[in-house]
Amino acid sequence: MSRGRVGVLAGLVVCLGLGQAAVAGGRPRVGGSLAVAVPSIPATATVPATPLDTAIATLTHTSLCRLVDAAPQSSGTVRLAPLAPPLTATQLAETILRVKRAKTPYAALAKGIRAAAVVGEAVELSLDQPWAEVHDALCHPAFNVALGPFSPGGAGKYVANLEFPLGRPWVDRLTLHVLEPRAAERAFAQDRVQVSLGGPSDEATPTRFATVLALPAEHGAGLRAALDATLDRADLIRFFVRGPTSPLVQLAPGDAVRPTPPKPAPQRPALELTLRFDARSDDHRAVAERLQVKLQPLGYALRLAPSSDSLLEARPGELRLVSLALPATPSLALELFRALAGVSASTPSAAIPVMPLYAEGLGFKQSKRLLRAPRDAWGLPRLDEVWLLGDDG
């Protein structure tokens, strides 16, 4: 059965998949229902910032770079053409300009785009920097388009989008089930769920999602010294963050790792500051409470302030726990950190008032009844690309 895949490359993916299915002893088929266990269903975010946020967002949204045909016209111009309806050139240009004009750090991802002009059925980008960096930027969730392989059906249910330009999903339906780890293990063993995201896992995606502490510029140096002297990142993620995670000690590759300094003298009188964190995240809350405990003996009295906004806008005299999806290009990631801190593009990475804490991936497990899910640019499984293997064959 054909799913109407677009383009030669997509056809090759399907052919390869057919071969894998044959080896696995089953036949690919369109239809059926896929049950997915998740620890929680994140609230809709403007820009997904964690692996689970992003994995769920890919059900109904798609990276812009997957939906366009890109053709460099010259060193400073690139032509982008939508692969197929319903995405139009006007919507494509609007998406790019929305990110560029946004009053968030993600505008830094479009920094190298001077203009996006609709020319016929395509968009021409005028660039300040090489196309390779811009292409990586367009794959970032900030440029997601509200057009995905599934349509929301309410209460964690999704139905196949038969008009998706890259081809309809193999399965007809997908349902998210919120389960604690032990319950997810039982459901998986009993084949009541075929995929586990963010819970019990056989493998993990790359740690492309960073959580950092943005420091107030007026107190950044003192806070950084206090944290460098007292904070053990390995202990922080071992006890207060659900895996898979790894310590993040540098904002940019090649940065010197800071040696552990002696503890500074406590602030006198105590300095009262606000620490804002994402109210949706249990990990953020646990880390915020730990930071409060570690800084109190050094004369920093932190008032914890759970927030429902994006945490990306700085306020005077406050610290912010922020999670970000990091571009693969180091220079773009560094621009994102500079924009988060509100410093100039010439600020060296060591002077950016942002303290890296940890990098996060997504635990992933899938049933043997499924073809192995291919991965997207972030290492996350594309659940529209898997099918239930039949018992015949």
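All of these numbers come straight from a predicted model, not from anything done at the bench. (Residues numbered from 1 in each chain as written. Predicted model: local features only at pLDDT ≥ 70, side-chain atom pairs only at ≥ 80, totals over all residues. Heavy atoms only, no water.)

Visitor: Please set out the overall build of the protein residue by residue, giving values where relevant.
Guide: Of regular secondary structure, the protein possesses 9 helices and 17 strands. For 393 residues, the compact-globule estimate of 2.2 N^0.38 gives 21 Å, and the C-alpha radius of gyration of the protein, at 23 Å, lies within 12% of that figure. The principal-axis extent of the C-alpha atoms belonging to the protein is close to 75 × 55 × 35 Å. Here the contacts in the protein between residues at least 6 apart in sequence split such that 72% fall between residues at least 24 apart. Element-wise, carbon and sulfur atoms account for 54% of the exposed surface of the protein, whose accessible area totals about 17900 Å². The averaged location of the 35 negative side-chain charges in the protein is 2 Å from the averaged location of its 41 positive side-chain charges. (Helix = DSSP H or I, 4+ residues; strand = E, 2+ residues; numbered from the N terminus. Rg over C-alpha atoms; globule rule 2.2 N^0.38 Å. Contact = heavy atoms within 4.5 Å. Areas by Shrake-Rupley, 256 points an atom, 1.4 Å probe, with all protein chains shown as cover. Lys, Arg positive; Asp, Glu negative; His and termini not counted. Charge placed at Lys NZ, Arg CZ, Asp CG, Glu CD.)

Visitor: Could you give an account of the sheet that holds strand S16 (residues 354–360), with specific residues and numbers?
Guide: Here 6 strands make up an open sheet; going across it, the order is S12-S16-S11-S15-S13-S14 and the pairing mixed. Both outer strands of the open sheet, strand S12 (245–247) and strand S14 (300–307), are each paired with one neighbouring strand and no more. Direction aside, neighbouring strands of the sheet carry axes that sit 25 degrees apart on average. Across 6 bridges, strand S11 (residues 209–214) lies against strand S15 (residues 318–325) in antiparallel orientation. When the bridges of S15 are listed, Phe209 appears paired with Ala325. Its contacts with the sheet put helix H8 (residues 282–295) on S11, strand S13 (271–278), S14, S15 and S16, and the angle it makes with S14 is roughly 170 degrees. (Pairing = 2+ DSSP bridges. Axes fitted to C-alpha atoms, helices over the stretch in contact; angles between N-to-C directions.)

Visitor: Go over the nonpolar core with me, naming the residues and quoting the values.
Guide: Formed by 50 residues in total, the largest nonpolar core has its most connected members in Ile96, Leu125 and Phe143. Elements with a minimum of two residues in this core: strand S3 (77–82), helix H3 (89–101), strand S4 (113–119), strand S5 (122–127), helix H4 (131–138), S11, S15 and helix H9 (330–341). Apart from residues no more than four positions distant in its own chain, Leu125 is found in contact with Gly76, Thr77, Val78, Leu80, Ile96, Ile113, Ala115, Ala116, Trp131 and Val134. Judged by nonpolar contacts, the second largest core, of 25 residues, contains Val38, Leu174, Val195 and Trp378. (Core = buried A, V, L, I, M, F, W, Y, C linked by side-chain atoms within 4.5 Å. Buried < 20%, exposed > 50% of the residue type's maximum accessible area, 1.4 Å probe, protein only.)

Visitor: Give me the environment of Leu319: which residues, what numbers.
Guide: Its location among the elements puts Leu319 in strand S15. Given a relative accessible area of 1%, Leu319 falls into the buried group. Between the C-alpha atoms of Leu319 and Leu223, which are 96 residues apart in sequence, the distance is 9.7 Å. Not counting chain neighbours up to four residues away, the residues in contact with Leu319 comprise Leu213, Ala214, Leu215, Pro216, Leu223, Leu273, Thr274, Leu275, Arg276 and Leu302.

Visitor: Describe the sheet that holds strand S6 (residues 150–154), with residues and values.
Guide: Through backbone hydrogen bonds, the strands of a sheet pair up, either in parallel or in antiparallel fashion. Spatial ordering of the open sheet is given by S6-S7-S8-S1-S9-S17-S10, a layout of 7 strands whose pairing is mixed. The open sheet has two free edges, formed respectively by S6 and strand S10 (203–204), since each of these has just one partner strand. Here strand S1 (residues 33–38) pairs with strand S8 (residues 173–178) via 6 bridges, running parallel. Counted as the bridge partner of Leu34 is Leu174 from S8. Where helix H5 (residues 181–189) meets the sheet, its contacts fall on S1, strand S9 (195–197) and strand S17 (363–366), and the angle it forms with S17 comes to roughly 25 degrees.

Visitor: Any details on the pairing of S5? Residues and values, ideally.
Guide: Judged from the 4 bridges that link them, S3 and S5 form a sheet pairing that is antiparallel. Counted as the bridge partner of Arg79 is Glu124 from S5. When S4 meets S5, the two strands line up antiparallel, connected through 6 bridges. The residue of S5 that forms the bridge with Ala117 is Glu124. Connecting S4 to the antiparallel partner S5 that follows it, the hairpin turn spans 2 residues, and Gly120 within it adopts a positive phi of roughly 65 degrees.

Visitor: With reference to specific residues and values, describe the side chain of Glu335.
Guide: Inspection of the secondary structure puts Glu335 in helix H9. Residue class for Glu335 comes out buried when judged on its relative accessible area of 18%.

Visitor: So, the state of the cysteines: which residues are in play, and what are the values?
Guide: Applying the stated criterion to the full structure yields 1 disulfide. Between Cys65 and Cys139 runs a disulfide, and the two sulfur atoms are separated by 2.1 Å. Because the sign of the S-S torsion sets the handedness, a value of about 115 degrees for the bond joining Cys65 and Cys139 places this disulfide among the right-handed ones. Of the two residues, Cys65 is situated in the loop between helix H2 (51–60) and strand S2 (68–74) and Cys139 in the loop between H4 and S6; the sequence distance between them amounts to 74 residues. Classification of Cys139 as buried rests on a relative accessible area of 8%. (Disulfide = S-S within 2.5 Å.)

Visitor: Any details on the pattern of salt bridges? Residues and values, ideally.
Guide: Opposite charge on two side chains lets them pair, provided their charged atoms get close. The full count for this structure, using the stated rule, is 11 salt bridges. A salt bridge links Arg168 to Asp172; the nearest nitrogen and oxygen atoms lie 2.7 Å apart. Classification of Arg168 as buried rests on a relative accessible area of 14%. Taking the relative accessible area as the measure of exposure, Asp172 reaches 27% and is therefore partly exposed. With its nearest N and O atoms 2.8 Å apart, the salt bridge here joins Asp278 to Arg280. Given the relative accessible area of 41%, Arg280 is considered partly exposed. Through salt bridges with shared partners, a single network forms among Asp53, Asp278 and Arg280. (Salt bridge = Lys/Arg side-chain N within 4 Å of Asp/Glu carboxyl O.)

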